[in-house]
Amino acid sequence: MSILSINDLVIKFAVEDGIVHAVNNISLELNQNEILGIVGESGSGKSQTVLAIMGLLANNALISGSIKFNNQELLGISKAKLNKIRGNEIAMIFQDPMTALNPYLNIQTQLIEPLLLHRCYTKSDAIAEAIRMLDFVKIHDARNKLKCYPHQLSGGMLQRVMIAMALLTKPKILIADEPTTALDVTVQTEILDLINQLKVEFNMATILISHDIGVILNVCDRVNVMYAGSIMERANVHDIFYKAKHPYTKALLKSIPNQESDILYPISGEPPNLLKLPNGCPFQERCENKFSKCTQGIFIKREFSNGHYINCNLDES
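### Here's the deal with the sheet that holds strand S4 (residues 61-69)
Spatial strand order, S2-S1-S4-S5: four strands in an open sheet with antiparallel pairing. Edge positions in the sheet fall to strand S2 (18-31) and strand S5 (72-73), since each has one partner strand and no second. As judged from the ten bridges shared by strand S1 (residues 2-15) and S2, these two strands associate in the antiparallel manner. Pairing of isoleucine 11 across the sheet is with valine 23, part of S2.

Shown next as structure tokens:
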């Protein structure tokens, strides 16, 4: 059952040089108790998509389409109504915990705020719940850690604090934007294991964003592959890994480092300028399978079994 649905979402930014086409007519659904992956290179529109869900786009954003949470339209609702949803029923772990947390406030002050604001806890009850949640995300000596300021904790520990903060109100949806960025491999694995555990423990739907398709494949149930503001391929994680059809998805998979080989396979070229997207497929300049249709404004959606589809002119059936 769908808990979040996005339809024909378009996000543009008016800048001095023109209009940046950040997200271009994308649609996706998040089901209850699933982890939905969104993967793509930097600038593909992943973060802007989820910031639109949270109502946190920059002031120069131009947005159209529909974002519905439990059949309630989020685009255009009042700030007061949105504030009752974000941080409460929809929570987000931001990309860099060091900048997401306020350096002037200790961990306790920042952790208990959602409970005081959304759940009307007393301060003592909020502190007790914060300690319980820090214990759950495996932060040792939680009571003393509450007294710390962000600069006194490691990157991995700050990420756990951010996860604990997001979970305090027991949201229906958790959005994790690059939650393993800048963490070493061991801590990355621990954070991903924790996200998997949250799905079981809290029966929570999760959107996981990453530029690393290896991270997505290890955790997610379904995957959306984005490039230059468009969804190029969507399928369950098994089909993405074993039956990828879009040239961009194949290139991402090929670029995963292989322990059995020292050879790396980068994707040649650069992503397109979002101020001047090419006519047709946005991946055309980097695609090894490009042909005439790709540059003539034709961008065909091909559907396969089990909800697997690609936006591509290449006949992969």
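There is more to say after this.
### Section: unusual backbone geometry
Even without glycine at this site, asparagine 70 takes up a positive phi of about 50°. Mapped onto the elements of the fold, asparagine 70 is located in the loop between S4 and S5. A relative accessible area of 39% means that asparagine 70 is categorised as partly exposed.

### Re the sheet that holds strand S3 (residues 35-39)
Pairing in this open sheet of eight strands is mixed, and the strands run S6-S7-S8-S3-S9-S10-S12-S11 from one edge to the other. Edge positions in the sheet fall to strand S6 (90-93) and strand S11 (301-303), since each of these pairs with one other strand and no more. Each strand of the sheet is rotated relative to its neighbour by a mean of 15°, with strand direction disregarded. Direction of pairing for strand S10 (residues 230-236) relative to strand S12 (residues 309-311): antiparallel, over a ladder of two bridges. Residue pairing across strands places glutamate 233 opposite isoleucine 310, the latter belonging to S12. In this fold helix H7 (residues 155-167) packs onto S6 and strand S7 (173-177), with an angle of close to 175° to the strand it touches most, S6.

### As for the packing of aromatic side chains
Under the criterion given, the structure shown has five aromatic pairs. Arranged with centres 5.4 Å apart and planes meeting at 90°, the rings of phenylalanine 136 and phenylalanine 202 form a pair that is edge-to-face. In this pair, phenylalanine 136 is assigned in helix H5 (residues 123-136) and phenylalanine 202 in helix H8 (residues 185-202), connecting sequence segments 66 residues apart. One aromatic cluster is present, formed by Tyr227, Tyr248 and Phe283 through successive ring pairs. The ring of phenylalanine 304 is capped by lysine 245, whose NZ or CZ atom sits 4.7 Å from the centre of that ring. Sitting over the face of the ring of tyrosine 309, lysine 301 holds its NZ or CZ atom 4.4 Å from the ring centroid.

Scoring rules and cut-offs
- Residues numbered from 1 in each chain as written.
- Predicted model: local features only at pLDDT ≥ 70, side-chain atom pairs only at ≥ 80, totals over all residues.
- Heavy atoms only, no water.
- Pairing = 2+ DSSP bridges.
- Helix = DSSP H or I, 4+ residues; strand = E, 2+ residues; numbered from the N terminus.
- Buried < 20%, exposed > 50% of the residue type's maximum accessible area, 1.4 Å probe, protein only.
- Axes fitted to C-alpha atoms, helices over the stretch in contact; angles between N-to-C directions.
- Contact = heavy atoms within 4.5 Å.
- Phe/Tyr/Trp six-rings, centres within 6.5 Å; stacked < 30°, edge-to-face > 60°.
- Lys NZ or Arg CZ within 6 Å of the ring centre and 35° of its normal.

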